[in-house]
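Residues per chain, in single letters:
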Amino acid sequence: SDFNEKADLSVRLKESSIAVRDVAHFAPALTGIKDQIFISGKMKGRIKRFSLDSLNAYFGKTGHIKGKMTFDGFPNVSETFMDIDLSEINANADDIVQYAGSSSHEFLHKFGNMNGYGLFTGLLNDFAVKGHFNTGLGTLASDINFKISDNAKTKSKYEGTLTTSNFNLGKFLSSDLVQMMKRR
């Protein structure tokens, strides 16, 4: 405990490789994911509270993110507050599905290649996402708060705004009855 709060870290990562299975020791939700993340950036702070600047990371086959991150509360991941500012996000369904679960593959695949930018702020189970994404279905802009419940008696809640532009609702719903949604 003292080490987590008192040891100062200053680490420069240059094309470093991190096995997700090793991170799963701290974040059990990642157990079973077989991915290597290649990361560059500057990490500083203490184990309990650290930041990662000039982040440049590659994951999956084509996934790529750039930005900066701050974590406060580590190594207790469920109680760690995250402030993640990604200036660049590029991914496709195959890059993301292993993190979201195999049942999400068909849903994610509809979006095709996704690129954009966004902010993720909060805890793993209570967070806000504000971003802008170009996808194979159209453009999405989000400002949404998620409260994820792991209790069967309490429902997860989603509140906020999702704006679309030139969005192919028919393809999203797998329906020939609906075509493109155009913003007016």
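Provided above is the structure to which this section pertains.
Residues numbered from 1 in each chain as written. Predicted model: local features only at pLDDT ≥ 70, side-chain atom pairs only at ≥ 80, totals over all residues. Heavy atoms only, no water.

*Asks:* Would you take a moment to explain the overall build of the protein for this structure?
*Replies:* Scanning the protein from terminus to terminus reveals five helices and eleven strands. Overall size of the protein, expressed as C-alpha extent along the three principal axes, is 60 × 40 × 30 Å. Burial status across the protein gives 33% buried among its 184 residues. Contacts in the protein between residues at least 24 apart in sequence constitute 38% of all its contacts with a sequence separation of at least 6. As presented, the protein carries roughly 12100 Å² of accessible surface, and 54% of it is formed by carbon and sulfur atoms. Across the protein, the centroid of the 23 positively charged side chains sits 4 Å from that of the 20 negatively charged ones. (Helix = DSSP H or I, 4+ residues; strand = E, 2+ residues; numbered from the N terminus. Buried < 20%, exposed > 50% of the residue type's maximum accessible area, 1.4 Å probe, protein only. Contact = heavy atoms within 4.5 Å. Areas by Shrake-Rupley, 256 points an atom, 1.4 Å probe, with all protein chains shown as cover. Lys, Arg positive; Asp, Glu negative; His and termini not counted. Charge placed at Lys NZ, Arg CZ, Asp CG, Glu CD.)

*Asks:* Honestly, the pattern of salt bridges in this entry has me stumped. Any pointers?
*Replies:* Side chains bearing opposite charge may pair, as long as their charged atoms lie close to each other. Applying the stated criterion to the full structure yields three salt bridges. In this structure, Arg 46 and Asp 8 form a salt bridge, with 2.8 Å as the shortest nitrogen-oxygen distance. Taken together, the positions of Arg 46 in strand 2 (residues 36-46) and Asp 8 in strand 1 (residues 8-19) put the pair 38 residues apart, joining distant regions of the chain. In this structure Asp 8 comes out as exposed when scored by relative accessible area, which is 59%. The shortest N-O distance in the salt bridge between Asp 72 and Arg 49 comes to 3.7 Å. Here Arg 49 lies in strand 3 (residues 49-59) and Asp 72 lies in strand 4 (residues 63-72), a separation of 23 residues in the sequence. By relative accessible area, Arg 49 is classed as partly exposed at 47%. (Salt bridge = Lys/Arg side-chain N within 4 Å of Asp/Glu carboxyl O.)

*Asks:* What's the story with the environment of Lys 171 in this structure? I'm lost.
*Replies:* With respect to the helices and strands, the residue Lys 171 is situated in helix 5 (residues 169-173). Separated by 35 residues in sequence, Lys 171 and Gly 136 place their C-alpha atoms 9.9 Å apart. Filtering out sequence-adjacent residues up to four positions away, Lys 171 remains in contact with Lys 110 and Leu 137.

*Asks:* Just checking my understanding: could you explain the sheet that holds strand 5 (residues 81-91) for this structure?
*Replies:* Adjacent strands of a sheet form backbone hydrogen bonds with each other and so pair up, either parallel or antiparallel. Taken together, the nine strands give an open sheet; going across it, the order is 1-2-3-4-5-6-7-8-9, and neighbouring strands pair in antiparallel fashion. What marks the edges here is a single partner per strand, and that holds for strand 1 and strand 9 (157-165). Each neighbouring strand pair of the sheet contributes to a mean axis angle of 10°, computed without reference to strand direction. Across eight bridges, the pairing between strand 5 and strand 6 (residues 114-123) is antiparallel. Bridge pairing in strand 6 places Ala 91 opposite Met 114. (Pairing = 2+ DSSP bridges. Axes fitted to C-alpha atoms, helices over the stretch in contact; angles between N-to-C directions.)

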